[in-house]
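Architecture at a glance
The lines below spell out each chain.
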Amino acid sequence: MSNRYRRHESGHSKRKKKQKLEAQMESLKGSLLNDITTVKDNNSDEPLKVDDLSIDDPLNVDEHNSDEPLNVDEHNSDEPLNVDEHNSDETSNVDEHNSDEPLNVDVNNNDEPLNANENNSDEPLNVDETINLDDPSEWSVINANLRDLLVEKGPVKIYDYDFPKDEYSRNFSSSFYMQKMANGKKYERKWLLYSIKLDRVFCFCCKLFDVNSCKSKLAKGGSKDWRNMNDKLKKHESSKEHIMNMSKWFELESRLAKNNTIDKETQILINKDKEHWKDVLKRIIGVVKTFGMNNIPFRGDNEKLYEKNNGNFLAIVQMIAEFDLVMKEHVRRIKNKEIYNHYLGHNMQNELISLLACEVKNKIVNKVKEAKYFSVILDCTPDTSHKEQMSIILRCLDISSTPIEVKEYFFEFIIVDDTTGKGLFDAMVEEISNIGLDINNIRGQGYDNGSNMKGKHQGVQKRLLDINPRAFYTPCGCHSLNLVLCDMANSCTKAREFLGIIQRTYTIFASSTKRWKILQDCLPKLTLKPLSQTRWESRVESVKAIRYQAPQIKKALMKLYSDDDAKFLSEAKSLADFEFDKFEFLLGIVIWYEILCAINRVSKSLQEKDMCIDSAIKKLDGLLCYFENYRENGFENAIIDAKEIALEMDVEPMFREKRIIHRNRRFDENVANETTKTPIELFKTDYFLYIVDQAISSIKTRFDQFKMFESIFGFLFSIKKLKLLDDNTLKQHCIKLESSLKHDTSIDIDGLDLFEELKVLRHIIHLECDTPINILNYINTFNSFSNAYIAYRIMLTIPVTVASAERSFSKLKLLKNYLRSTMSQERLNGLATLSIENDLLEETDYENFIKKFASVKARKVNLI
């Protein structure tokens, strides 16, 4: 077919035209501003200046003739415009665009960066947000945007890092950062960078400015010839290419500092928009922080502004826009489709939640590393999506604060599929290793009383002790007290019957709204509570309502006599006439309430975050003394209180006599030695003494681990104890503590040195509050008691309960409920961290990552 009938250009013609265009683009590098300043406006004869360009209104560059210089064509202002993002040092390649067809952009896809149109340049035109700006190995393609950003940021050196060794046992050393002169003077090599990713060193300026002409490996793939590194560095820093690149680096750095770069006008626009995005991000981060701290859901049915059911997050943004000019301008741009990445979608929410949570977690890890010694607290529970969630709590001393404080930090939830001792142990060790903590620095471990946790052969505590014998295991004090109550409740038949009556009383009212309304009308203050095997306060709350409102509850039961349901009618009569009318039941209420209150007070005090083993042992000893005294005197006092209740309820304060069964006796039976007990004596021996003796026995057996701690650390509990010990006894205690804190060749303290320090310390210290934490803060003011300082730090690190893990489960149920059962694990951990560790969140400074994020965002949008 003849060429004159050809409707499209041939392939040869297109290739030839493309070659000419590429050659022309190469010759026009750096002339972008000259081209832009000569463009004329459609409605004016005056040249269009850079200052007149709006950062919010994209330009449309029409396709141009390849034989002429690249100019901006006139366009119809009523039609949408399109411009590729490009490098300020290169001329952009603009796609062809039909002015009759508008450019459609999906505004809902608002969390991904704007993509530049396809270009023929050798370098990408955007700064990738995923690039690690601190690692030179990731600077694969360097354009002017990235170069300016890196020069403005400056080289980042790595010091506190365990540099890996090569096959010859050689590695990078921070001494390479310094240049040693012949006269012995040292100068810093500011240009030298180390890449953790590749284990290589690079030249900062040669990597950025003239990588092609520089022959040294330091400018390209990096070098790891550690044996000859000093010679290579000396040779490189004296080379001509390196010196020229250093000059370019300093010149660009000076221009950026003075805001006097070649593209000064463009840079002004960038800085202006950078400040706008910083202000927008501050407000968005403020909303995310507030929602995270208060467990408020973010999303709704859609993610569009000013539509119904668009969620709490967008609703708050809309409300802020009504009063705040910055957010009002941001929303205006979104509504007018001037911007397409408005950072209000769920992906941006997740990113900001993750950033804030990482800031908090980094603070926690730094505090733990600073303290060195720490304890691990674990507990597990199923969530609403039927996944087993393990909560990890880290306990340590915050030695950066004044005074030093005991802290327990929530770290994260981990999904565990294997709930055996080995599975939980492996998950814990992996997580501790991932965050950079040393498992050998663990000095305490706290779990509940599950067999997979406390097992002596295959439990988590045994597996950790096999690796680190200095990780003292503590069974949860609150769980143990709850098990003491379980032992008491199952100690005799009468105790089980009593708790059964309590549950029956709650059930008859709770099973009907009508009957519950009758109960509420009769009860002035407290309401009935159900019993629970796991809730620590359930029993005392259940008994308390009946203890102080027994007459009113009986009255409510009598009102149920007219119930149409025969079953509940019979149940109400049985409770009112045969239980609440018995003095034995009223006496049981008084006894159980006093016992439960005593245990509950100790349990609540043990749940404090800064509770230490010395205080826990004192409280448990006090509880044991209470039961021993109550065994002797409590019964008579309980009868007095029960009689007062009985008189108020018109119940005769006497035990019901049971008919004595007489039987025929054998002639050789000794009838004289046989005694008959009265009903009140039977109640005391077969009921009261049963549960009290069981409480005493259970406390002694279930808290034997605390006694072991007292034998090791007991002499450090107070200065008073130290003063009561003679020198030989004190020396034996110090040597025993040394052996307890020794593993293989590693040792925490020297027993004899500790002995010498404590001999002096007990005579010079005078405290109003004689507690270990106050002693530690006193020692911290001196530099002469290093062994005592370490000993007290380790003792205070040992946990008492897993209450912090239990509290984290309360947040888990708020965050991951049945409406949000598909929430990702990363988002769950982020929100849980913001909610639980809100104190650290308040201290977090967001300026650094806001500045970095805004810089990247501004360069993408405004380089036109």
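Everything quoted here is computed from the prediction, not taken from an experiment. (Residues numbered from 1 in each chain as written. Predicted model: local features only at pLDDT ≥ 70, side-chain atom pairs only at ≥ 80, totals over all residues. Heavy atoms only, no water.)

1. With respect to the overall build of the protein chain
We apply this condition: The helix and strand labels rest on DSSP assignments: H or I over at least four residues marks a helix, E over at least two residues marks a strand, and numbering proceeds from the N terminus. The cut-offs for exposure are 20% and 50% of the maximum accessible area for each residue type, with area from a 1.4 Å probe on protein chains only; residues under the lower value are buried, those over the upper are exposed, and the others partly exposed. Only heavy atoms enter the contact rule, under which two residues are in contact if any of them lie within 4.5 Å.
Each helix and strand in the protein chain was counted, giving 31 helices and 11 strands. Residue burial in the protein chain is summarised as follows: out of 864 residues, 47% are buried. Summarising the internal contacts of the protein chain: among those between residues at least 6 apart in sequence, 69% fall at separations of at least 24.

2. Observations concerning the environment of E303
Rules: We call two N or O atoms a polar contact when they sit within 3.5 Å, provided that within protein one can donate a hydrogen and the other can accept it, with sequence-adjacent residues counted only if both atoms are side-chain atoms.
Along the polypeptide, E303 turns up in the loop between α7 (264–293) and α8 (311–321). With relative accessibility at 25%, the residue E303 sits in the partly exposed group. Each C-alpha atom, one on E303 and one on F313, is 9.3 Å from the other, the two residues being 10 residues apart in sequence. Excluding residues within four positions of it along the chain, E303 makes contact with L314, G345 and H346. A distance of 2.9 Å separates a polar side-chain atom of E303 from the backbone nitrogen of H346.

3. Observations concerning the pairing of strand β6 (residues 388–398)
For clarity, the threshold we go by: Two strands qualify as a pair provided that DSSP identifies no fewer than 2 bridges between them.
Counting buried residues in β6 gives 10 out of 11 residues, a clear majority hidden from the surface. With 8 bridges joining them, strand β5 (residues 374–382) and β6 adopt antiparallel strand pairing. The residue of β6 that forms the bridge with C380 is M390. A loop of 5 residues connects β5 with β6, the two strands running antiparallel in sequence, and H386 in this loop sits at a positive phi of about 65°. With 10 bridges joining them, β6 and strand β7 (residues 405–415) adopt antiparallel strand pairing. The residue bridging I393 from the neighbouring strand is F410, located in β7. In textbook terms, the turn of a hairpin is the stretch between consecutive antiparallel strands, and for β6 and β7 this stretch comprises 6 residues.

4. A short note on a nonpolar patch on the surface
Stated formally: The patch calculation keeps residues exceeding 30% relative accessible area without a salt bridge and links them within 9 Å when they carry like charges or within 5 Å when they are nonpolar (Val, Leu, Ile, Met, Phe, Trp, Tyr). To be clear on the numbers: accessible area is Shrake-Rupley with a 1.4 Å probe, and residue cover counts the displayed protein chains and nothing else. By convention in these notes, a salt bridge is any Lys or Arg side-chain nitrogen within 4 Å of a carboxyl oxygen on Asp or Glu.
A cluster of nonpolar side chains, V760, I764 and F782, forms an exposed patch at the surface whose accessible area comes to about 220 Å². Inspection of the secondary structure assignment puts V760 in helix α25 (residues 751–764). Residue class for V760 comes out partly exposed when judged on its relative accessible area of 43%.

5. What about helix α3 (residues 144–153)?
Here α3 lies mainly inside the structure; 8 of its 10 residues are buried. Within the span of α3, buried status applies to A144, N145, L146, R147, D148, L149, L150 and V151. One side-chain oxygen at the N-terminal end of α3 lies 2.9 Å from the backbone nitrogen of L146; it belongs to N143. Two residues or fewer past α3, G154 is found with a positive phi of approximately 85°.

6. Some remarks on the sheet that holds β5
The pairing of strands in a sheet comes from backbone hydrogen bonds and takes either a parallel or an antiparallel form. Here is the rule: To obtain each axis, a line is fitted to C-alpha atoms, and for helices this fit is confined to the stretch in contact; angles are then taken between N-to-C directions over 0 to 180 degrees.
The mixed open sheet is built from 5 strands, whose spatial order is β7-β6-β5-β8-β9. Unpaired on one side and paired on the other, β7 and β9 (472–475) mark the two borders of the sheet. Averaged over neighbouring strand pairs, the angle between their axes works out to 20° when direction is ignored. Bridging between strand β8 (residues 442–447) and β9 involves 4 bridges; their strand directions are parallel.

7. Things to note about the pattern of salt bridges
Applying the stated criterion across every chain, the model contains 33 salt bridges. Between E405 and K407 there is a salt bridge, with its nearest N and O atoms 3.3 Å apart. Among the residues examined, E405 registers a relative accessible area of 33% and is labelled partly exposed. Among the salt bridges present, the one from R443 reaches D748, with a minimum N-O distance of 2.9 Å. Remark: D748 occurs in the loop between β11 (746–747) and α25 and R443 occurs in strand β8; sequence separation between them is 305 residues. Residue class for D748 comes out buried when judged on its relative accessible area of 11%. Salt bridges sharing partners connect three or more residues here, namely E329, R332, R333 and E338.

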